[in-house]
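# Examining the three-dimensional arrangement
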Amino acid sequence: MKNKPISTALAFVAIIGISCKREGAVNKGEMDLAMEESYQGTPVSMQYDEKIDSLIAQMTLEEKVGMLHGSSMFATAAVERLGIPEFTMADGPLGVREEISRDSWAPAGWDNDFATYYPAGGGLAATWNPEMAYRFGNSVGAEARARDKDMLLSPAINIIRTPLGGRTYEYFTEDPFLNKKMTVPFVVGVQENDVAVSEKHYAANNQETHRDYVDVQIDERTLREIYLPAFKAAVTEGQAYGFMGAYNKFRGDYLCENEYMLQTVLRDQWGFDGIVVSDWAAVHDTKKALESGTDIEMGTPKPFDEFYFADALIKAVKEGKIEERYVDRAVKRVLQVMFTIKAIDDEGRKKGELSTEKHFQDAYDIASESIVLLKNDGGLLPINLDNIKSVAVIGNNATKKNALGGFGAGVKTKREVTPLEGLKNRLPESVQINYAEGYREGYSENEKAKLGDITLNGPVTLDELDPMLVEEAVNAAKNSDVAIIFAGSNRDYETEASDRASLALPFGQEALIEKVMVANPNTIVVMIAGAPFDLEQISEKSSALVWSWFNGSEGGNALADVLLGDVNPSGKLPWTMPKKLEDSPAHAIDAFPGDSTVVYKEGILVGYRWFDTKEIEPLYPFGYGLSYTEFEFLDVQTDKATYQEDEMIKIDVNVKNIGNITGKETVQVYVSKPNSTVERANKELKGFGKAELKSGETKTISIPIPIKELGYYNVANNSWEVEKGDYHIKVGNSSRNILSNIKITIN
Ligand code: BGC
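Thresholds, definitions, all that
- Residues numbered from 1 in each chain as written.
- Predicted model: local features only at pLDDT ≥ 70, side-chain atom pairs only at ≥ 80, totals over all residues.
- Heavy atoms only, no water.
- Helix = DSSP H or I, 4+ residues; strand = E, 2+ residues; numbered from the N terminus.
- Rg over C-alpha atoms; globule rule 2.2 N^0.38 Å.
- Contact = heavy atoms within 4.5 Å.
- Core = buried A, V, L, I, M, F, W, Y, C linked by side-chain atoms within 4.5 Å.
- Buried < 20%, exposed > 50% of the residue type's maximum accessible area, 1.4 Å probe, protein only.
- Salt bridge = Lys/Arg side-chain N within 4 Å of Asp/Glu carboxyl O.
- Domains from an automatic or database assignment.
- Buried area = accessible area lost by both parts, 1.4 Å probe.
- Near = heavy atom within 4 Å.
- Polar contact = N/O pair within 3.5 Å; in protein donor to acceptor, adjacent residues only side chain to side chain.
- Areas by Shrake-Rupley, 256 points an atom, 1.4 Å probe, with all protein chains shown as cover.
- Nonpolar A, V, L, I, M, F, W, Y, C, P; charged D, E, K, R; others polar.
- Phe/Tyr/Trp six-rings, centres within 6.5 Å; stacked < 30°, edge-to-face > 60°.
- Axes fitted to C-alpha atoms, helices over the stretch in contact; angles between N-to-C directions.
- Parallel < 35°, antiparallel > 145°, perpendicular 65-115°, else oblique.
- Left-handed = near helix turned anticlockwise from the far one by under 90°.
- pLDDT = per-residue confidence, 0-100.

## Some points on the overall build of the protein chain
When you go through the protein chain residue by residue, the secondary structure sums to 21 helices and 28 strands. Scaling as 2.2 N^0.38, a compact globule of 747 residues should have a C-alpha radius of gyration of about 27 Å, and the protein chain matches this with 25 Å. Principal-axis analysis of the C-alpha atoms gives the protein chain an extent of 80 × 65 × 50 Å. Residue pairs at least 24 apart in sequence account for 77% of intrachain contacts in the protein chain once pairs closer than 6 positions are excluded.

## Section: the nonpolar core
When a protein is soluble and globular, its nonpolar side chains tend to lie buried together. With 104 residues, the main nonpolar core has Tyr202, Phe243, Ile484, Phe486, Ile524 and Leu563 as its most contacted residues. Ile84, Met151, Val317 and Met338 belong to the second-largest nonpolar core, a separate cluster that totals 51 residues.

## Observations regarding the pattern of salt bridges
Where charged atoms from two side chains of opposite charge come close, those side chains can pair. Applying the stated criterion to the full structure yields 54 salt bridges. In this structure, Asp53 engages Lys332 in a salt bridge whose closest nitrogen and oxygen atoms are separated by 3.0 Å. With a gap of 279 residues between them, Asp53 in helix H1 (residues 49–58) and Lys332 in helix H11 (residues 324–340) connect regions that are remote in the sequence. With a relative accessible area of 39%, Asp53 lands in the partly exposed category. The partner of Lys315 in a salt bridge is Glu319, with the nearest N and O atoms 3.4 Å apart. Several salt bridges share partner residues, and in doing so they unite Arg167, Glu170, Glu208, Arg211 and Glu496 into one network.

## What about the domain arrangement of the protein chain?
Splitting the protein chain by domain gives domain 1 (45–340), domain 2 (357–613) and domain 3 (631–746). Computed from C-alpha atoms alone, the centre-to-centre distance between domain 1 and domain 2 is 31 Å. Listed by partner, the interface residues are 65 residues for domain 1 and 74 residues for domain 2. Of all residues in domain 1, Tyr117, Arg161 and Leu164 give up the largest surface area on contact with domain 2, accounting jointly for 16% of the area buried on that side.

## Points about the site of the ligand
Among the 14 residues in the neighbourhood of the ligand, the closest are listed as Asp91, Arg167, His201, Asp279 and Glu496. Separating an oxygen atom of the ligand from a side-chain N or O atom of His201 is a distance of 2.7 Å. In isolation the ligand has 310 Å² of accessible area, and contact with the protein removes 95% of it. Its residues assigned to classes, the shell around the ligand shows 6 nonpolar, 1 polar and 7 charged.

## With respect to the side chain of Asn520
Turning to its location among the elements, Asn520 is positioned in the loop between helix H17 (509–519) and strand E16 (523–528). Among the polar contacts made by the side chain of Asn520, one reaches the main-chain carbonyl oxygen of Ala477 at a distance of 2.9 Å. Excluding residues within four positions of it along the chain, Asn520 makes contact with Ala477, Ser480, Asp481, Val482 and Ala483.

## Digging into the packing of aromatic side chains
In this description, an aromatic ring pair is defined by two values, namely the gap between the centres and the angle between the planes. Counted under the stated rule, the structure contains 28 aromatic pairs. Between Trp549 and Trp575 the ring centres are 5.6 Å apart and the planes differ by 70°, which places this aromatic pair in the edge-to-face class. Taken as a pair, Trp549 in the loop between strand E17 (544–548) and helix H19 (555–564) and Trp575 in the loop between H19 and helix H20 (585–588) lie far apart in primary sequence, 26 residues in all. A relative accessible area of 3% places Trp549 in the buried class. Arranged with centres 5.5 Å apart and planes meeting at 75°, the rings of Tyr713 and Trp720 form a pair that is edge-to-face.

## Observations regarding the packing of helix H4 (residues 130–146) against helix H5 (residues 176–191)
H5 packs onto H4 with a crossing angle of 30° between their chain directions and a minimal axis gap of 7 Å. With respect to each other, H4 and H5 are oriented roughly parallel. H5 is crossed by H4, and the crossing has right-handed handedness. Across the interface between the two elements, Pro130, Ala133, Tyr134, Phe136, Gly137, Asn138, Val140 and Gly141 from H4 touch Lys181, Met182, Pro185, Phe186, Val188, Gly189 and Val190 from H5. Looking at the contact of H4 with H5, its residues break down into 10 nonpolar, 4 polar and 1 charged.

## Looking at the confidence of the model for the protein chain
A residue-level look at the protein chain finds 93% of positions with pLDDT of 70 or above and a mean pLDDT of 93. The low-confidence segment residues 1–37, where pLDDT is below 50, has 106 contacts with residues more than four positions distant or belonging to other chains.

## A closer look at unusual backbone geometry
With an omega dihedral of 5°, the bond running from Ser154 to Pro155 counts as a cis peptide bond. Within the secondary structure, Pro155 is located in the loop between strand E4 (151–153) and H5. Within the chain, His210 stands out as a residue other than glycine whose phi angle is a positive 60°. Residue position: His210 is located in the loop between strand E6 (199–202) and strand E7 (215–217). By relative accessible area, which is 10% here, His210 ends up buried. Within the chain, Asp590 stands out as a residue other than glycine whose phi angle is a positive 55°. With respect to the helices and strands, the residue Asp590 is situated in the loop between H20 and strand E18 (597–599). Accessibility expressed as a relative area gives 63% for Asp590, which makes it exposed.

## Points about the side chain of Ser548
Here Ser548 lies in strand E17. A distance of 3.3 Å separates a polar atom in the side chain of Ser548 from a polar atom in the side chain of Asn551. Beyond its immediate stretch of four places on either side in the chain, Ser548 contacts Ile371, Met527, Ile528, Ala529 and Leu559.

Now the structure itself:
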């Protein structure tokens, strides 16, 4: 076993306790990129091969097939006489989902399936802190074990292609580099608990509209450079044991029946040895799905023996239409993973723990690093309690809970601290809280049934304000020293299975915010949402604007600590906040949502790559986020001026905290290739590092970038290629605030 060096960039955030495990799987085809990784998973163990072969030899066809499809909503069948238990799964990205009935989506109604609600994916990514991703994974992995699960249906890592995406809150980012840097530690963290991950949704599942059938067309270079890097790193670095095949089609074939994606890319090129599980009801053809590499078919309720991988598979094998070796191949993969995670012969298997104070602390720490300070012009923040006797707390989102809601996986949790509760917990008793709901979440009754289909049917929200609620809110604001309005969306509005119709704030909130700001100029606007909204007007008029997320069990406490200054905000946007929808690439060129086909015509220019290349001003750029203190970047330098292809660029930045309080800053390194022979984005994120600095303190942040990371995917020979010549290394604290530009040359 060989440990890999821990990157110096990460050394600035506490990384104690991370076990760096065995080197990655052999990369059978495509050349690997980053080699300096700190987080390495343990591969699927092949040491049980003989045992597995002998087990398979003893199994009937029916027993084998039973292991390849849902025999209940979230488990496959056991083969008890051979000591093989059920293979059990649970969602998901926000924490371990409540127990679902065996044969319907109804909650099972248990009283021991409470779990910690962790910040949603966007919040985790906004920490820009891989250590937080590791802690998240390790914490939720322990909960999955405590709930006796073999596979956690997480992380969800699709690229945010459109700001309207219904699952934007669940996914990490628009940037492939940040995506992979958060994915790998997450995977390692989960799997250290003897639980498999399920990387989802593989792949190109970037919209909910038509997700069941839309055929996604992406050119090869864009696929490799934008949509696949995190999935690839999950295999080659994280050693993910599971992947989930997405609902949609890719280049004509459903993802669960896609030989190119499942066999050529995933297994032959990346060396994946784990299990491919279908998304729920994403299989459409027994033979094609099994032969192309889907191992387990899961689904929504219908008689389980009517699944494609059930009686139909038995029949096809008996009739000689499918060779039994394909069944054996899938069973073997499942057993290999089951042995690796000690689901069979479970001696020494981790037992996990559920809803502990330690896990709530993990949720708190992630949440407190995720909150993004967008604007703080008048010095309203942090709230100075010396001058304050009363605070108006306004907005439905002050009390709205988001652990459950909408369509899709949530968490049944015993703790979800709302923003109002957080303020009550943190404010001294001497400060009077004047709460007013202000606006109410509302949907048209007639249209409600269509909530899963918003894009097609237009908005279904009720946007008329109730004058009584407005009056209460205005009065609360007038009669308080400071007003905080909690606006945004919620998990009924941002939901799986539908995309949003527009970026407009729902429920009449914009009008309410304006009225509250007029009533009290000392108004702080806090957005609680998982995806971009049209904030241009609000941003212009308000002097203090904070972004929080569906932020887990401790979200309200973390938010109160940021508002009151006990935590200095350090989150950075993991996606671009456009001024208007039409500025975003897929919308600018009318390439969303398609109909039976969607063509990603913007190619590699996703997110800030588009805005920067086309010189479109975003409202708030990718990587942006303020602090209550200020930082200076000094003496930015690279270790050399010229490099060979197998070398590493080491960028050193002296970061100085020139303000009065401790804070954390994220150094971001973008790279440009002038005069490239191929199309290039204006710049691309290639490294980052986050550090905590006391007032007056200076630290050197070192960011290593392997030269190979600067390559582009050359479709002519299907490999990553590093062009020789000059590159610009751009160091800043957001994609639009570049503080230093260094030219290097690759020979
Ligand atoms: C979602 C998956 C989820 C599965 C099981 C599907 O609708 O797309 O993300 O894991 O349901 O709940």
